[in-house]
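Inside the fold
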Amino acid sequence: MAIVLGPNRYGKAETRVVRVTRDGGVHHVKDVNVSISLSGAMDEAHLSGDNAAVLPTDSQKNTVFAFAKKHGIATIEEFGLLLARHFVDSQPTIHHARVEIHEFAWERIEGGHSFVRKGGETRTALVHSDGEGGAESVVSGLRDMVVLNTTDSEFHGFVQDQYTTLEPTDDRMLATAVTAHWRHRGTTAAWDDSHRAARDRLLRAFAETYSLSLQQTLYAMGRRVLDECAGICEIRLSMPNRHHFLVDLEPFGMDNDNEVYFAADRPYGLIEGTVLTDDAPADPSAWN
Ligand SMILES: O=c1[nH]c(=O)c2[nH]c(=O)[nH]c2[nH]1
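Residues numbered from 1 in each chain as written. Predicted model: local features only at pLDDT ≥ 70, side-chain atom pairs only at ≥ 80, totals over all residues. Heavy atoms only, no water.

**As for the overall build of the protein chain**
Operational definition: By definition, any uninterrupted DSSP run of H or I lasting at least four residues is a helix, any uninterrupted run of E lasting at least two residues is a strand, and each is numbered from the N terminus. Values of the radius of gyration come from C-alpha atoms, whereas the globule rule sets the reference at 2.2 Å times the count of residues to the power 0.38. Only protein chains enter the accessibility calculation, which uses a 1.4 Å probe; a residue is then buried when its area is under 20% of its type maximum, exposed when over 50%, and partly exposed in between. Contacts: residue pairs with any heavy atoms within 4.5 Å of one another. The charged-residue count follows a simple rule in which Lys and Arg add positive charge and Asp and Glu add negative charge, with His and chain termini not counted at all. Note that the charge is assigned to NZ on lysines, CZ on arginines, CG on aspartates and CD on glutamates.
Counting its secondary structure elements, the protein chain contains 5 helices and 12 strands. The globule rule puts the C-alpha radius of gyration for 288 residues at 19 Å, and the 24 Å found for the protein chain is more than 25% above it. Along the three orthogonal principal directions, the C-alpha set of the protein chain runs to about 80 × 50 × 40 Å. Across the 288 residues that make up the protein chain, the buried fraction comes to 43%. For the protein chain, long-range pairs separated by at least 24 residues make up 68% of all intrachain contacts whose partners lie at least 6 apart in sequence. Charge separation in the protein chain, taken as the distance between the mean sites of 28 positive and 42 negative side-chain charges, equals 3 Å.

Structure (structure tokens):
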């Protein structure tokens, strides 16, 4: 019985690239996840370990970033074709390219540089009752409201110890998936309107706050809800810092003026905090 190599393919999966283009103060974002699978004359790589036919998956990832800079991402179909043709046309050992791209859609919040991601958000409610007339509480909220500012975010002045390598920045992307739970003072409200109002205040505060840290943004968002939604006395926020790292395009002879980002998924900074009014009646069981 002979053993032979069957079908095979390889490539860089899930390169998360965010491309920002600027029209004056109005920014546009394309947020995509690119997965490449190449196939061709790859027998020797498997059979003898000879990599002469192998374009590294790392180079494929770099190509995605360089093409995002050079060509922009008009549509994912067009971007996919550009990439797929490039690999087959430029590498004699690659005979077929499969490029799968998923695009995450963003809606403008307000102003030119603030966005909320479409879909994936969940509205939540947590109710306790000892029966009508007895102790009751209502906590409303939302999970996974993903927001992004393409500018108006800085982070510097932080502690430097012997392990600190983070560079201070005065212009970065700020993105987070907001989980927020807010406690109502009473148990009667126009719940849909109340939810819309709180969500709207969270979004506006995110968009309007010039951020020196995600912690500062978190507090500003909580404050705005309490300031403008009288029926709410406490809000708890959990906000992962979805880091977007500027890609170094210098090795490919390109600058990167805050245009092409690598959207890392983990690890992430997790910023959490409670904001409450000083007259908020204590009710720890509302959160159980
Ligand atoms: O807004 C931020 N807060 C932090 O605490 C922190 N830490 C870090 O590495 N980056 C950031 N950004």
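**Details of the sheet that holds strand β1 (residues 15-23)**
Stated precisely, the cut-off is as follows: For two strands to pair, DSSP has to find at least two bridges joining them. Here the axes come from fitting lines to C-alpha atoms, over the contacting stretch only for helices, and the angles between their N-to-C directions go from 0 to 180 degrees.
Read from one edge to the other, the open sheet built from 5 strands follows the order β3-β2-β1-β11-β10, with strand pairing classed as antiparallel. Each edge of the open sheet is held by one strand with a lone partner, namely β3 (94-104) and β10 (244-246). Strand after strand, the sheet turns through a mean of 35° between neighbouring axes, direction not considered. With 3 bridges joining them, β1 and strand β11 (residues 260-263) adopt antiparallel strand pairing. Note on β11: the bridge partner recorded for V18 is Y261. Contacts from helix α2 (residues 57-71) reach β1, β2 (26-40) and β11, with the element oriented near 10° to β1. Where helix α3 (residues 76-90) meets the sheet, it contacts β2 and β3, and its direction lies at approximately 155° from that of β3.

**Quick notes on the packing of α2 against α3**
A pair of packed helices is captured by two measures, namely the crossing angle of their axes and the spacing between those axes. Applicable threshold: Orientation labels follow simple angle bins: below 35 degrees gives roughly parallel, above 145 gives roughly antiparallel, 65 to 115 gives roughly perpendicular, and whatever is left gives oblique. Left-handed describes a crossing in which the near helix is turned anticlockwise from the far one by less than a right angle; the clockwise case is right-handed.
Close contact between α2 and α3 brings their axes to 11 Å; oriented N to C, the two are set at 130°. The orientation of α2 with respect to α3, classified from their angle, is oblique. In this structure, α2 meets α3 at a crossing whose hand is right-handed. Packed against α2, whose contacting residues are Q60, T63, V64, F67, A68 and H71, the element α3 presents F79, L82, L83, H86 and F87 at the interface.

**Points about the domain arrangement of the protein chain**
Rule in force here: All the domain ranges listed were derived from an automatic or database domain assignment. Buried area is a sum: the accessible area each of two parts loses on coming together, probed at 1.4 Å, counted once for each and added. For salt bridges, the criterion is a side-chain nitrogen of Lys or Arg within 4 Å of an Asp or Glu carboxyl oxygen.
Here the domain parsing of the protein chain yields domain 1 (15-104) and domain 2 (114-160 + 171-243 + 251-287). Just the C-alpha atoms count here: the centres of domain 1 and domain 2 sit 35 Å apart. Of the residues lining the interface, 16 residues belong to domain 1; the matching set on domain 2 comes to 16 residues. Here domain 1 and domain 2 share an interface that buries about 1500 Å² over both sides, 64% of which is from carbon and sulfur atoms. Taken as a group, V18, H27 and K69 account for 35% of the area that domain 1 buries against domain 2, more than any other trio of residues on that side. Between the two partners, domain 1 and domain 2, sit 3 salt bridges.

**Observations regarding the layout of surface pockets**
Selection criterion: The distinction between a cavity and a pocket rests on a 1 Å grid over the protein atoms alone: a 1.4 Å probe fits inside a cavity but cannot get out, while a pocket stays open yet meets protein on both sides within 12 Å along at least five of seven lines, and a residue with an atom within 4 Å of a point counts as lining. Grid points are joined across faces, edges and corners, and a volume is the space filled by probe spheres set on the points. In this count, Pro and Cys sit with the nonpolar residues alongside Ala, Val, Leu, Ile, Met, Phe, Trp and Tyr, while Asp, Glu, Lys and Arg are called charged and the others, Gly among them, polar.
In this structure, the largest pocket encloses a volume near 580 Å³. In this structure, the largest pocket is lined by 24 residues; those nearest its centre are L166, T169, R172, H244 and F245. Sorting the residues of the lining of the largest pocket by element identifies β8 (174-184), α5 (214-228), β10 and β12 (269-276) as the ones contributing at least two each. Of the residues that constitute the lining of the largest pocket, the class distribution is 12 nonpolar, 8 polar and 4 charged. Approximately 360 Å³ is the volume attributed to the second largest pocket. In terms of lining residues, the second largest pocket is bounded by 18 residues, among which R16, R117, R242, A264 and D265 are the most central. Two domains each donate at least three residues to the lining of the second largest pocket, and these are domain 1 (15-104) and domain 2 (114-160 + 171-243 + 251-287).

**Brief notes about the UniProt feature "binding site: urate" (unreviewed entry) in the protein chain**
Going by this rule: UniProt positions are given in the numbering used here, feature names are shortened, and annotations may be inferred rather than shown by experiment.
Residues annotated in UniProt with the feature "binding site: urate" (unreviewed entry) correspond here to T57, D58, F155, R172, Q215 and N241. For the residues just named, distributed over 185 residues, the greatest C-alpha separation reaches 36.7 Å, placing them at more than one site. Taken from the residues named earlier, the lining of the largest pocket is made up of F155, R172, Q215 and N241. Tracing the chain through its elements places T57 in helix α2. Those residues in contact with T57 that lie beyond four places of it in its chain are Y10, G11 and K12.

**Quick notes on the confidence of the model for the protein chain**
Our working rule: Per residue, pLDDT captures the predictor's confidence, and it can take any value from 0 to 100.
Mean pLDDT over the protein chain works out to 97, with 100% of the residues at or above the 70 mark. As scored by the predictor, the complex reaches a pTM of 0.94 and an ipTM of 0.99.

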